[in-house]
Amino acid sequence: KGDPISEPWEQGPFSFIILGVFMVAAGVLLLTSLAPLVTRFLSRLLAPLSGRIASVLPTSLAYPMATPFRTSMTMGMFSIVIFAVVILSGSSAITENNLVEMGDESGGDYEILAFSSSELDPDVGNWDLGDMNVTDFDSIATIHTGVVKAERGDGTGDRLNVGIRGFDSNFTEHGALSLEVWATELGDTEEEAWAAVLADESLVIVDFSLTPQPTSSVETPPSLDLGIGDSILISDPSNSGVNRTVFVGGILKQEASVFIPGIYMQSDFAEERFDAKPQIVWFSLPNGTSVADQEFAADEIERGMIEEGVGVFVIEVAWNKINSFVLSIFGLLKAFLALGLVVGIAGLAVVTIRNVSERRHQIGILRALGFQRSMVVATFLVELSWISFLGILNGALVGVGFHYALYDRFLKEGGADFIMPWNEIYLIVIGAYVLTLLATLWPVRKAASIRPAEALRDPN
């Protein structure tokens, strides 16, 4: 606050990228700055226990500290890639969890949803359901659909074309859809609230999109900004003289508003006043019915009612496809980042080979001073670990912290759980470090095999 540089800036969809890069860079600067202090502290601490360790530690970090820019860039490369992978992994886990919750809530206790392009027979017994019978289902709820012009009763805001959904007792007695909130005077449970709306044509239930939406930099779609108790003037789009003022008795959950959004009211009222037609049907099968049996039932319904232009889908199967598609995009992005990480590891191996070539004379001096092959190997391993592992760890820690900050800022108020795929992150951190060691194993062994006399003859 009061920062002359960032104060005029506005939050945008790419703000988190800028902030993430700065946080990763800050971590890299901290690590490179603390290197000499940590080295001296550990050397003094371990000197009484092991002279070899006290000798290896300062020696291993001497070369990286002599080339700070190269060291920082290499460490930053690991950090930024791991940071992005962790953010994507966390986002993927939260998205998957949200999709599962949306799938569970979107259909209530119904498993199959059907849409018809024509008006259906009001008598369910006259429907051709293929090899299925009406008695095979726990509930068949027909929804009358139509379109009205809707505006707030106080005259503020815009007029919108909104779908109306007429429901009957079959729908309410089977649990209907989940409500986010409802008027307390309608009852203590969701079932009582639905029953109260069914009994009073002046009450309606609206979907989540018609309520006030959180403001953001991305333009939000038009909404009536409705709340419990607000009045709505709904009218026939082609004849404004046919209208009615109704009141909001309840609001659907966001998840339950996915498939059939709109304004829910009595089916008789929707049909008589606004000429709503029965064109949507919810089907519920007995508890424990497998997905395969649900798909068989959906196929039979669609085959039997093909003349009415009925399209049928199983809710769980639809969400599984959506889930698979979204997660495949995250997986593709993580694969590209993993490819970048592999390229970075290969680059570190090449740099290590070059370092061995450039430092033959230095290695020879160390061997002449009494450094054994194992000490030379340990020197390079500590050096590589300082650059790669701490870079990887920095990216992972910043990624986890930043992911939590995004969750706290955008998702926590909505009731979402903080989810982090810890096993995947552990695998990324350890796997990247192990791959780094494997990639640099050959040049490290080559450095340890350099003979002192041979290296000292080399003037470079």
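Presented here is an overview of the structure given in this document. Keep in mind the model is a prediction, meaning the values are calculated, not measured.

1. A few points about the overall build of the chain
Okay, so step 1: Along the chain, the regular secondary structure elements total 12 helices and 10 strands.
Okay, so step 2: Relative to a compact globule of 460 residues, whose C-alpha radius of gyration would be 23 Å, the chain shows 33 Å and is clearly more extended.
Okay, so step 3: Principal-axis analysis of the C-alpha atoms gives the chain an extent of 100 × 60 × 40 Å.
Okay, so step 4: The buried share among the 460 residues of the chain stands at 42%.
Okay, so step 5: Surface accessibility of the chain: about 23,800 Å² in total, with carbon and sulfur atoms responsible for 59%.
Okay, so step 6: Taking the 27 positively charged and 55 negatively charged side chains of the chain as two groups, their mean positions are separated by 30 Å.

2. Notes on the nonpolar core
Okay, so step 1: Formed by 28 residues in total, the largest nonpolar core has its most connected members in Ile82, Val86, Leu341, Val376 and Phe380.
Okay, so step 2: Among the elements of the structure, helix 3 (68–106), helix 8 (315–358), helix 10 (373–411) and helix 11 (422–448) are those that each provide at least two residues to this core.
Okay, so step 3: With 25 residues, the next largest nonpolar core counts Leu99, Leu179, Ala183 and Trp319 among its residues.

3. Observations concerning the packing of helix 10 against helix 11
Okay, so step 1: Where helix 10 meets helix 11, the closest approach of the two axes is 9 Å, and the angle between their N-to-C directions is 155°. Here helix 10 lies roughly antiparallel to helix 11, going by the angle between them. Here the hand of the crossing between helix 10 and helix 11 comes out right-handed. Listed contacts from helix 11 to Arg373, Val376, Val377, Phe380, Leu381, Leu384, Ser385, Ser388, Phe389, Ile392, Ala396 and Val400 of helix 10 are Trp422, Ile425, Val429, Ala432, Tyr433, Thr436, Leu437, Thr440, Val444, Ala447 and Ala448.
Okay, so step 2: Taken together, the residues that form the contact of helix 10 with helix 11 break down as 18 nonpolar, four polar and one charged.

4. Some thoughts on the pattern of salt bridges
Okay, so step 1: Tallied over the full model, the rule gives 10 salt bridges.
Okay, so step 2: A salt bridge links glutamate 201 to arginine 244; the nearest nitrogen and oxygen atoms lie 2.9 Å apart. A residue pair is termed long-range when its members are at least 10 positions apart, and glutamate 201 in the loop between helix 5 (190–199) and strand 5 (203–206) and arginine 244 in strand 7 (residues 239–252) qualify at 43 residues.
Okay, so step 3: Linking aspartate 275 and lysine 277 is a salt bridge whose minimum nitrogen-to-oxygen distance equals 2.9 Å.
Okay, so step 4: Here lysine 277 falls in the partly exposed class, since its relative accessible area comes to 28%.
Okay, so step 5: Overlapping salt bridges, with partners in common, bring together Glu119, Asp275 and Lys277 in one network.

5. Quick look at the packing of helix 3 against helix 11
Okay, so step 1: Running from amino to carboxyl end, helix 3 crosses helix 11 at an angle of 155°, the nearest separation of the two axes being 10 Å. Viewed along their axes, helix 3 and helix 11 adopt a mutual orientation that is roughly antiparallel. Crossing handedness for the pair helix 3 and helix 11: right-handed. Across the interface between the two elements, Phe78, Ile82, Val85, Val86 and Ser89 of helix 3 pack against Glu424, Ile425, Ile428, Ala432 and Thr436 of helix 11.
Okay, so step 2: Looking at the contact of helix 3 with helix 11 residue by residue, the class counts come to seven nonpolar, two polar and one charged.

6. Considering unusual backbone geometry
Okay, so step 1: In this structure, aspartate 225 is a non-glycine residue whose phi angle is positive, near 55°.
Okay, so step 2: Along the chain, aspartate 225 turns up in the loop between strand 5 and strand 6 (231–236).
Okay, so step 3: The backbone phi angle of aspartate 275 is positive, close to 55°, even though this residue is not glycine.
Okay, so step 4: In this fold, aspartate 275 is placed in the loop between helix 6 (267–274) and strand 9 (277–284).

7. Structural notes on a negative patch on the surface
Okay, so step 1: Judged by side-chain charge, Glu101, Asp104, Glu316 and Asp417 come together as a negatively charged surface patch.
Okay, so step 2: Within the secondary structure, glutamate 101 sits in helix 3.

8. Details of the environment of phenylalanine 330
Okay, so step 1: By the secondary structure assignment, phenylalanine 330 is in helix 8.
Okay, so step 2: The exposure class of phenylalanine 330 is buried, given its relative accessible area of 16%.
Okay, so step 3: Considering only alpha carbons, one finds phenylalanine 330 and leucine 381, 51 residues apart in sequence, at a separation of 34 Å.
Okay, so step 4: Aside from chain neighbours lying at most four places away, what touches phenylalanine 330 is Leu88, Ser91, Ser92 and Thr95.

Scoring rules and cut-offs
- Residues numbered from 1 in each chain as written.
- Predicted model: local features only at pLDDT ≥ 70, side-chain atom pairs only at ≥ 80, totals over all residues.
- Heavy atoms only, no water.
- Helix = DSSP H or I, 4+ residues; strand = E, 2+ residues; numbered from the N terminus.
- Rg over C-alpha atoms; globule rule 2.2 N^0.38 Å.
- Buried < 20%, exposed > 50% of the residue type's maximum accessible area, 1.4 Å probe, protein only.
- Areas by Shrake-Rupley, 256 points an atom, 1.4 Å probe, with all protein chains shown as cover.
- Lys, Arg positive; Asp, Glu negative; His and termini not counted.
- Charge placed at Lys NZ, Arg CZ, Asp CG, Glu CD.
- Core = buried A, V, L, I, M, F, W, Y, C linked by side-chain atoms within 4.5 Å.
- Axes fitted to C-alpha atoms, helices over the stretch in contact; angles between N-to-C directions.
- Parallel < 35°, antiparallel > 145°, perpendicular 65-115°, else oblique.
- Left-handed = near helix turned anticlockwise from the far one by under 90°.
- Contact = heavy atoms within 4.5 Å.
- Nonpolar A, V, L, I, M, F, W, Y, C, P; charged D, E, K, R; others polar.
- Salt bridge = Lys/Arg side-chain N within 4 Å of Asp/Glu carboxyl O.
- Patch = residues over 30% accessible without salt bridge, like charges linked within 9 Å, V, L, I, M, F, W, Y side chains within 5 Å.

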